[in-house]
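Breakdown of the fold
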Amino acid sequence: MRLALVLYCAALAGIIGPLACAAVPLLPGSLPAGAREFIEAHCASCHDDVEKKSGLDLTALGFQPDKPENFATWVKVFDRVSSGEMPPKKKPRPEASELAEFTGKLSESLIGHEQARRALNGRATRRRLNRYEYENVVRDLLGAPWLQLKTKLPEDPEAHHFNKIGEALDVSHMQMSKYLEVAEFALRDVMAKQISPPATTTTRYYAREQKTFLANTRKFTNEQERMVIPVLGFQSQYELYGRHGNAPMKREDNDPAQRELAAFVEIASQFPSYYMWFDSFTAPLAGRYKLRFKTFSAWIGPSNSEPGLPTAWWVPDLSNVMPSKRQEPVTVYAETVPHLYRWIGKFDAPIEPSVQEMEAVLLKGETIHPDCGRFFRADFLPKRYRNPLATKEGSPGVGFQWMEVEGPIYDEWPSAGHRLLFGDLPLAEVNVADGPKPKTKIEVVSTEPSKDAARLLENFLARAYRHPVSARDLQRFLPVFESALKAGGAFADAMITAYTAALCSPQFLTVQAKPGPLDDHALAERLAFFLQNTAPDAELRALAAAG
């Protein structure tokens with residue numbers, strides 16, 4: 001990382017400069033005829049070098065609308081005078097004709113300078129990508145939707161409540177350091193760590209074997225409306241395994257048919273004291289997975305008697321479980337313990353037990369947390385909580401039998417991100433000295449490093465940049481690769497150094513356009529960032545290239 005930073009700043013110092021917008025050439029300007037006299041007559045008594053009300057001295061304020069601060073000040077003067085806010089009510093008002101002449105000429109002059117500035121420099125200013133856009137663009141480029149990058153970057157400043165305004169999105173040395181760090185992290189993440197693809201496995205996780213489900217069958221000793229009900233099909237087993245029974249929970253291993261029927265029924269949504277997830281599963285690697293849930297919707301009958309209550313139909317009878325008459329929505333989250341959630345999908349639990357399948361991108365170490373989002377969600381209260389979905393006929397519930405996970409799934413190996421970086425160059429295992437025992441490391445093999453680097457960099461820049469790539473662009477990064485290689489780095493490390501520099505260059509980091517009408521590539525870029533918060537996809541780029 002330090003090598004990348006030093007090489008980039010040393011070899012590419014000429015690239016950093018364009019990040020700052022070039023100064024607009026000074027446009028000649030002077031106050032319209034009669035404006036100074038109007039100010040002397042109606043404004044100078046408060047806004048001169050003595051009074052300076054609100055810190056404004058109009059007698060010394062030059063008219064230089066080519067300078068943003070000066071232009072903004074004169075716009076404010078125009079707004080205050082034309083709205084009647086100035087001169088203040090206690091001061092004599094100017095004649096209507098005098099007022100119209102002053103505001104008309106000032107407006108005409110300001111608009112003229114604004115139009116001249118736009119003709120010279122265009123309306124749009126170069127701005128860097130905000131951290132959300134940067135994450136999306138790198139994910140799409142490397143084919144790695146699991147990359148978590150925005151949280152590693154500094155918060156973006158806002159202007160006018162937007163985080164896409166060029167005047168606020170400055171570039172500091174700290175941000176450049178973070179962009180370098182994040183770019184290298186993303187590039188190394190998609191590199192193949194082994195020659196053959198990781199094994200894709202399919203494993204079933206039964207709800208009755210999850211500690212978090214089991215714990216909630218006995219937790220709420222006085223609040224039945226929160227409890228989880230163990231069932232076999234639609235037959236409640238609560239009297240055996242719930243708060244009134246002490247039998248150990250059977251796994252039904254000796255009878256596969258009964259094991260398939262065993263489930264837990266939820267009747268409340270989840271909250272801090274009531275979390276349930278498939279705790280025996282954690283994603284071994286970041287990647288794409290298929291999740292299958294065997295679930296059903298259920299109905300829990302009402303209690304008709306309870307000590308101290310004449311009728312308690314809102315309290316569920318945990319021994320009375322039956323099929324429901326409607327589907328129930330289930331939201332699925334990927335969870336990083338403890339309780340950091342990421343929405344990954346949803347499905348409807350059907351009336352009859354059946355399997356619902358969904359595909360999701362998981363991060364390494366995440367587990368799966370389903371939640372019945374329509375159900376009531378309430379933490380402990382001084383008195384019993386009445387389920388707002390309960391009726392005199394009963395309360396709704398959702399049964400979970402098992403979850404099956406297939407993955408990680410790879411359509412190709414090495415991944416698309418690795419092939420973008422290293423093409424079809426072969427991989428080899430090499431021994432690396434690491435203490436008393438050597439370690440095995442995967443290396444990219446190149447017999448012609450300079451030739452391969454030029455070819456790979458050209459392809460990478462064509463994909464990474466959102467406009468056609470020139471030979472000059474390529475020549476910026478080849479010296480970075482050569483320097484890293486000469487410093488003793490492996491071929492792959494030297495390429496990562498050059499790619500890191502490319503992902504931190506203004507051509508990648510900024511949205512830019514030449515003055516005048518947008519060309520097709522600039523228009524495609526603006527459309528994509530406006531509509532999708534990411535770079536143009538292949539179809540939009542093809543349309544831009546075709547004009």
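Coordinates for the structure precede this section.
Just so we're clear, the structure is a prediction, and the values are computed from it rather than from any experiment.

The rules behind the values
- Residues numbered from 1 in each chain as written.
- Predicted model: local features only at pLDDT ≥ 70, side-chain atom pairs only at ≥ 80, totals over all residues.
- Heavy atoms only, no water.
- Helix = DSSP H or I, 4+ residues; strand = E, 2+ residues; numbered from the N terminus.
- Buried < 20%, exposed > 50% of the residue type's maximum accessible area, 1.4 Å probe, protein only.
- Contact = heavy atoms within 4.5 Å.
- Areas by Shrake-Rupley, 256 points an atom, 1.4 Å probe, with all protein chains shown as cover.
- Polar contact = N/O pair within 3.5 Å; in protein donor to acceptor, adjacent residues only side chain to side chain.
- Pairing = 2+ DSSP bridges.
- Axes fitted to C-alpha atoms, helices over the stretch in contact; angles between N-to-C directions.
- Salt bridge = Lys/Arg side-chain N within 4 Å of Asp/Glu carboxyl O.
- Core = buried A, V, L, I, M, F, W, Y, C linked by side-chain atoms within 4.5 Å.
- Parallel < 35°, antiparallel > 145°, perpendicular 65-115°, else oblique.
- Left-handed = near helix turned anticlockwise from the far one by under 90°.
- Nonpolar A, V, L, I, M, F, W, Y, C, P; charged D, E, K, R; others polar.
- Patch = residues over 30% accessible without salt bridge, like charges linked within 9 Å, V, L, I, M, F, W, Y side chains within 5 Å.
- Expected span 1.5 Å × (residues − 1).

Details of the overall build of the protein
- Scanning the protein from terminus to terminus reveals 17 helices and 15 strands.
- With 547 residues in all, the protein has 45% of them scored as buried.
- Put simply, 72% of the contacts in the protein that link residues at least 6 apart link residues at least 24 apart.
- When the accessible surface of the protein is summed, it comes to about 27800 Å², and 55% of that surface belongs to carbon and sulfur atoms.

Regarding the side chain of T500
- Residue placement: T500 occurs in helix α14 (residues 491-503).
- For T500, a relative accessible area of 1% gives the class buried.
- Of the polar contacts made by the side chain of T500, one reaches the backbone oxygen of I496; its length is 2.7 Å.

Some points on the environment of A471
- As for its placement among the helices and strands, A471 is situated in helix α13 (residues 471-486).
- On the basis of relative accessible area, A471 is assigned to the exposed category, the value being 59%.
- A C-alpha to C-alpha distance of 8.6 Å links A471 and E458, two positions 13 residues apart in sequence.

A short note on the sheet that holds strand β8 (residues 328-336)
- Taken in spatial order, the three strands line up as β9-β8-β11 in an open sheet, and their pairing is antiparallel. The sheet is open, and its two edges are formed by β9 (340-349) and β11 (367-371), each paired on a single side. Neighbour-to-neighbour, the strand axes of the sheet open up by a mean angle of 25 degrees, direction not taken into account.
- Two elements, β8 and β9, share nine bridges in a ladder whose sense is antiparallel. Bridging from a neighbouring strand, T336 pairs with L340 of β9.

So, the pattern of salt bridges
- One pass over the structure, following the stated rule, counts 28 salt bridges.
- E133 is paired through a salt bridge with K164; the nearest N and O atoms lie 3.1 Å apart. Here the residue E133 occupies a position in helix α6 (residues 131-142), and K164 occupies one in the loop between α6 and α7 (173-190), the gap between them amounting to 31 residues.
- The residue R288 makes a salt bridge to E359 at a minimum N-O spacing of 3.2 Å. Of this pair, R288 sits in strand β6 (residues 287-302) while E359 sits in strand β10 (residues 354-362); the two residues are 71 residues apart in sequence, bridging distant segments of the chain.
- Through salt bridges with shared partners, one network takes in R204, E260, R292, K294, E357, E404 and E406.

Topic: the nonpolar core
- If you look at the biggest cluster of nonpolar residues, it comprises 57 residues, and the most contacted ones within it are Y134, L142, L421 and F460.
- Mapped onto this core, the elements with two or more residues apiece are α6, α7, α11 (416-422), β14 (439-444), α12 (449-464), α13, α14 and α15 (506-509).
- Per-element accounting of this core gives the leading share, 10 residues, to α14.
- Those residues in contact with Y134 that sit more than four places away from it in its chain are L129, L153, Y179, V182, A183, L503, F508 and L509.
- Grouped together as the second largest cluster of nonpolar side chains are 28 residues, V330, V332, M403 and V405 included.

Describing the packing of α7 against α14
- Running from amino to carboxyl end, α7 crosses α14 at an angle of 130 degrees, the nearest separation of the two axes being 9 Å. By the angle between their axes, α7 is oblique relative to α14. As for how α7 packs across α14, the hand of that crossing is right-handed. On α14, the residues that touch L180, A183, E184, L187 and R188 of α7 are D493, I496, Y499, T500 and L503.
- Its residues placed into classes, the contact of α7 with α14 shows six nonpolar, one polar and three charged.

Describing a nonpolar patch on the surface
- Taken together, the side chains of L518, L523, L527, F530 and L531 present a nonpolar region at the surface, about 530 Å² in accessible area.
- Tracing the sequence through the fold places L527 in helix α16 (residues 520-532).

Observations concerning the packing of helix α3 (residues 35-42) against helix α5 (residues 96-121)
- Closest axis-to-axis distance for the α3/α5 pair is 10 Å, and the angle between their directions is 130 degrees. By the angle between their axes, α3 is oblique relative to α5. In this structure, the crossing between α3 and α5 has a hand that is left-handed. In this structure, α3 uses A35, F38, I39 and H42 to contact α5, whose residues at the interface are E98, L99 and F102.
- In terms of residue class, the contact of α3 with α5 is made up of five nonpolar, one polar and one charged.

Examining α5
- Its 26 residues place the ends of α5 37 Å apart at the C-alpha level, agreeing with the 38 Å of an ideal helix rising 1.5 Å per residue.
- Of the residues making up α5, those classed as buried are L99, F102, T103, L106, S109, L110, H113 and E114.
- Those residues of α5 hidden inside the fold are in contact with α3 and α4 (68-82).
- Positioned one or two residues after α5, G122 has a phi angle of 80 degrees, which is positive.

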